[in-house]
Amino acid sequence: ATLASASAFVPQTAPKFGTSLSVKQDFLEAEPYYDQSTIPVNVYKNKAPFTGKVVSTKRIVGPKATGETCHIIIDHNGDFPYWEGQSWGVIPPGTREKDGKPHAVRLYSIASSRYGDDMTGKTGSLCVRRATYWCPELQAEDPAKKGICSNFLCDTQPGAEVSMTGPAGKVMLMPEEDPDTDYIMVATGTGIAPFRGFVRRLFFEDTPAANAYKGEAWLFLGVANSDALLYDDEFQDAKARFPDNFRLDYALSREQENKKGGKMYIQDKVEEYADEVFNKLDNGAHIYFCGLKGMMPGIQDMLAEVCKSKGLDYEEWIKGLKAKKQWHVEVY
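Residues numbered from 1 in each chain as written. Predicted model: local features only at pLDDT ≥ 70, side-chain atom pairs only at ≥ 80, totals over all residues. Heavy atoms only, no water.

**Student:** I keep staring at the environment of Gly-94 and nothing clicks. Help me out?
**Tutor:** Here Gly-94 is to be found in the loop between strand E3 (87-91) and strand E4 (106-109). Sequence separation of Gly-94 and Gly-147 is 53 residues, and the distance between their C-alpha atoms is 14 Å. Once residues lying within four places of it in the same chain are set aside, the contact partners of Gly-94 are Pro-102 and His-103. (Helix = DSSP H or I, 4+ residues; strand = E, 2+ residues; numbered from the N terminus. Contact = heavy atoms within 4.5 Å.)

Shown next, in the form of structure tokens:
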């Protein structure tokens, strides 16, 4: 797989799906655009999945990244609509060794807006890290224990068929009714997926949501090192064009130090801006977390410490955010 920058996914000429990029991205909107009552959920189920076709699979991390992460574009011909923040289920081909039954479905957050990377409304993208297992005894990767679905997806060639279910979930949707809403997005690794969809919808597309948006979207991404950054060129582009509406902060655990001299993890980076983050949340901002579930304890400990320093009861504070639907978590 070749190293590709995210901009390589956006065709410079009219895409082959037959829609010119000069078209507005307004043909997949609810009426009004922020009305979530018609959002598609679980249209395709395990017993009758949808068959998508791979358009491209590209490695999107540098040589020194920890592991391999791929960006996979899937053609659904407009028959599998979804909204930003939802997930697709993927059923890997073959059967389980232990009982000969089909593999269970795996959920992946969709990494594109509803219009897809080519903005035709006919594709969707996934951001997948190849799951490998390092065996301490062999001192090598044990192929028998590699992740079935992530390896299937990262190995796909153009034209490969993918059995899919969903779209799943309403936890990570953007509340677009108030265009002044601030978004705080906290991701580790491939947890960046839904937020790439958000950023494309708000800052790259000619959508009613983008045209109305006046708030600030603030993205925190934690990865091991610079080579492991995901979609950096797109985020830098958004930041250059919308300096008042988009903020970007990275936590690079193997390259940066936190204030205590330890590794800079995502919670350390958010903590640097604790006063601002808390003020925003007091003023109605929505905060989103996506990534491996191991990210949450460190984040929650940090937030509890900040609450203590501000004389707030952490449990009550979180309860208040949840009650106002400002708290969104999708971890796996």
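**Student:** Just checking my understanding: could you explain the nonpolar core for this structure?
**Tutor:** In globular proteins that are soluble, nonpolar side chains generally tend to be buried together. Ile-192, Phe-195, Phe-235 and Phe-246 are the most contacted members of the largest nonpolar core, which totals 34 residues. Breaking this core down by element, the ones donating at least two residues are strand E9 (183-188), helix H2 (193-203), strand E10 (217-223), helix H4 (232-241), strand E11 (246-252) and strand E12 (286-291). Looking at this core element by element, the count peaks at 6 residues for H2. For Phe-235, the contacting residues outside a window of four places in its chain are Ile-192, Arg-196, Val-199, Leu-219, Leu-230, Phe-246, Leu-248 and Tyr-250. Judged by nonpolar contacts, the second largest core, of 25 residues, contains Val-277, Met-296, Tyr-314 and Leu-321. (Core = buried A, V, L, I, M, F, W, Y, C linked by side-chain atoms within 4.5 Å. Buried < 20%, exposed > 50% of the residue type's maximum accessible area, 1.4 Å probe, protein only.)

**Student:** What is the right way to look at the sheet that holds E12 in this model?
**Tutor:** Strands belonging to one sheet form pairs held by backbone hydrogen bonds; the direction of such a pair is parallel or antiparallel. On the basis of which strands lie adjacent, the open sheet formed by 5 strands has the order E11-E10-E9-E12-E13 and parallel pairing. Only two strands of the sheet have a single partner each, and these edge strands are E11 and strand E13 (327-331). Across the sheet, the mean angle from the axis of one strand to that of its neighbour is 10 degrees, orientation sign disregarded. Note that E9 and E12 share 5 bridges and pair parallel. By the bridge assignment for E12, Ala-187 is matched with Cys-290. Against the sheet, helix H7 (residues 295-309) touches E9, E12 and E13, its axis set at about 150 degrees to E13. (Pairing = 2+ DSSP bridges. Axes fitted to C-alpha atoms, helices over the stretch in contact; angles between N-to-C directions.)

**Student:** Where do I start with the packing of aromatic side chains in this structure?
**Tutor:** The geometry of an aromatic ring pair is captured by the separation of the ring centres together with the interplanar angle, meaning the angle of the planes. Counted by the stated rule, this structure contains 23 aromatic pairs. Centre to centre, the rings of Phe-27 and Tyr-115 are 5.0 Å apart; their planes meet at 75 degrees, and the pair counts as edge-to-face. With Phe-27 in the segment before strand E1 (50-59) and Tyr-115 in the loop between E4 and strand E5 (123-129), the pair connects residues that are 88 residues apart, well separated along the chain. Residue class for Phe-27 comes out partly exposed when judged on its relative accessible area of 37%. When its relative accessible area of 0% is taken as the criterion, Tyr-115 is described as buried. Aromatic pair Tyr-33 and Tyr-34: ring centres 5.3 Å apart, planes at 75 degrees, arrangement edge-to-face. Classification of Tyr-34 by relative accessible area gives partly exposed; the value is 29%. Among the aromatic residues, those joined into a ring-pair cluster are Tyr-183, Phe-195, Phe-198, Phe-203, Tyr-213, Phe-235, Phe-242, Phe-246 and Tyr-288. (Phe/Tyr/Trp six-rings, centres within 6.5 Å; stacked < 30°, edge-to-face > 60°.)

**Student:** For this particular structure, what's the right way to read the pattern of salt bridges?
**Tutor:** Two side chains that carry opposite charge are able to pair once their charged atoms sit near each other. Taken as a whole and judged by the stated rule, the model has 23 salt bridges. Note that Asp-117 and Arg-196 form a salt bridge whose closest N and O atoms lie 2.9 Å from each other. Taken together, the residues Asp-117 in the loop between E4 and E5 and Arg-196 in helix H2 connect sequence positions 79 residues apart. Take Asp-117 and Arg-196: they sit in the same class, and that class is buried. Here Lys-259 makes a salt bridge to Glu-271, at a shortest N to O gap of 3.5 Å. (Salt bridge = Lys/Arg side-chain N within 4 Å of Asp/Glu carboxyl O.)

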